[in-house]
Amino acid sequence: MKTKILYLFLLILIGLSACKSRQIDSQVISNKQMKVDSIYGLMQANQFNVSWFDGKFKGVYQMPESKQAFSGQIRVQEDSVIWISVTALMNIEVFRILIRPDSFFFLNRLEKTYMSESTKYLKDRFEIDLDFEMLQSLLIGNDFPYYETSSFKLDDNNQNYQLSTVARNKLKEECKADSAFCKVLIQNIWVEKQNYRIVKQNVKIIGSDKTKLIVNYDKFESIENQIFPMFMQFKLKEDQNTFVDIDYSRININEAQNFPFNITSKYDQKQIKIPEE
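Described below are features of the structure shown in this document.

About the cut-offs
Residues numbered from 1 in each chain as written. Predicted model: local features only at pLDDT ≥ 70, side-chain atom pairs only at ≥ 80, totals over all residues. Heavy atoms only, no water. Phe/Tyr/Trp six-rings, centres within 6.5 Å; stacked < 30°, edge-to-face > 60°. Lys NZ or Arg CZ within 6 Å of the ring centre and 35° of its normal. Salt bridge = Lys/Arg side-chain N within 4 Å of Asp/Glu carboxyl O. Buried < 20%, exposed > 50% of the residue type's maximum accessible area, 1.4 Å probe, protein only. Helix = DSSP H or I, 4+ residues; strand = E, 2+ residues; numbered from the N terminus. Pairing = 2+ DSSP bridges. Contact = heavy atoms within 4.5 Å. Polar contact = N/O pair within 3.5 Å; in protein donor to acceptor, adjacent residues only side chain to side chain. Core = buried A, V, L, I, M, F, W, Y, C linked by side-chain atoms within 4.5 Å.

**Brief notes about the packing of aromatic side chains**
Here the distance between the centres and the angle between the planes together describe a pair of aromatic rings.
Here is step 1: Here the structure, examined in full by the defined rule, presents 11 aromatic pairs.
Here is step 2: Taken together, F48, F53, F57, F70, F228 and Y248 form an aromatic cluster joined through their ring pairs.
Here is step 3: The ring of Y161 carries the charged tip of K193 above its face, separated from the ring centre by 5.0 Å.
Here is step 4: When the ring centre of W190 is taken as reference, the NZ or CZ atom of K200 above it lies at 4.7 Å.

**Things to note about the pattern of salt bridges**
Any two side chains of opposite charge can pair if their charged atoms end up close together.
Here is step 1: Counting across every chain of the model gives 7 salt bridges.
Here is step 2: A salt bridge links E93 to R96, with the nearest nitrogen and oxygen atoms 2.9 Å apart. R96 carries the same exposure label as E93, and that label is buried.
Here is step 3: Between D156 and K193 there is a salt bridge, with the nearest N and O atoms lying 2.5 Å from each other. In this pair, D156 is assigned in strand 7 (residues 153-157) and K193 in the loop between strand 9 (184-192) and strand 10 (198-205), connecting sequence segments 37 residues apart.
Here is step 4: Since its relative accessible area comes to 25%, K193 is described here as partly exposed.

**Here we look at the pairing of strand 3 (residues 81-87)**
Here is step 1: Summarising burial for strand 3: 7 of the 7 residues are buried, a large majority.
Here is step 2: Residues V81, W83, S85 and T87 line one face of strand 3 and the alternating positions I82, I84 and V86 line the opposite face, and both faces are buried.
Here is step 3: Here strand 2 (residues 67-77) runs beside strand 3; their pairing, made up of 7 bridges, is antiparallel. Bridging across to strand 3, S71 finds its partner in T87.
Here is step 4: Linking strand 2 to strand 3, which pair antiparallel, is a turn of 3 residues; within it D79 sits at a positive phi near 65°.
Here is step 5: When strand 3 meets strand 4 (residues 93-100), the two strands line up antiparallel, connected through 6 bridges. Across the sheet, residue I82 finds its bridge partner in strand 4, namely I99.
Here is step 6: Remark: 5 residues form the turn of the hairpin made by strand 3 and strand 4, two consecutive strands paired antiparallel; M90 in that turn has positive phi of roughly 65°.

**Digging into the environment of E192**
Here is step 1: With respect to the element layout, E192 can be found in strand 9.
Here is step 2: On the accessibility criterion, E192 (16% relative accessible area) is buried.
Here is step 3: Sequence-wise, E192 and Y161 are 31 residues apart; in three dimensions their C-alpha atoms are separated by 6.5 Å.
Here is step 4: Beyond its immediate stretch of four places on either side in the chain, E192 contacts Q159, N160, R197 and V199.
Here is step 5: A polar side-chain atom of E192 sits 2.7 Å from the main-chain amide nitrogen of Q194.

**Digging into the nonpolar core**
Here is step 1: With 49 residues, the main nonpolar core has F53, F228 and Y248 as its most contacted residues.
Here is step 2: No other element matches helix 3 (residues 132-140), which puts 6 residues into this core.
Here is step 3: Setting aside chain neighbours within four positions, we find Y248 in contact with F53, G55, K56, F57, I74, L139, F228, P229, M230 and M232.
Here is step 4: Core analysis: the second largest hydrophobic core is formed by 9 residues, V81, W83, L98 and L107 among them.

Printed below as a string of structure tokens:
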């Protein structure tokens, strides 16, 4: 009888120990997720939120054996228009770009030609699978909207936090109109610990054989009580010797802008030829 009681007592102890272990494991997972949610929430709260953006910059297009200096201007109306003008030596405008969520226009001042295509052109021609919202976010140093936020893992890397995910899905509501926009991202975001702004991110689309895009942000300044990176560098991971630097000299925000893009009869339309697979 005593042996049976002792055996029963041992079973109860083992059971209680197992329950306690599961509770501890569950608590550890819960605490980790709370930390991830906290850092992501702080990053979101410190994003650069504007309805209108106007910035003048100087840039460098660095290639393996040469580089090209240029200057220009970028204007953005939130979720509607991205307008870019680039000038070269002697302040001569080289080209002008107008991007809307569904269309892309390119005006070549030197050759007197223009191109007009859907935004699918950006993906097929430049081999970077970006939609309008992603491009808009990259240009002002924000995270991508309309993507789930619960799939991140967190690492503490000295001065920065690193948020990473290997499968970040676009929200279902945004995919109803066209399944082609239902992208799944492999993404890493480095967040500065003092101002919780993004200092670096890389992104790749799952299922795409295209390379990974890397963007670095630096020279943060306060603009109307918001922190903005005055320097940006865009590069492709597979070609570390080719990149574009953008160094802003002036920023205006929340002032209505126009987006001049007049195509006169002097310009000939140039057909876009998508490379064959």
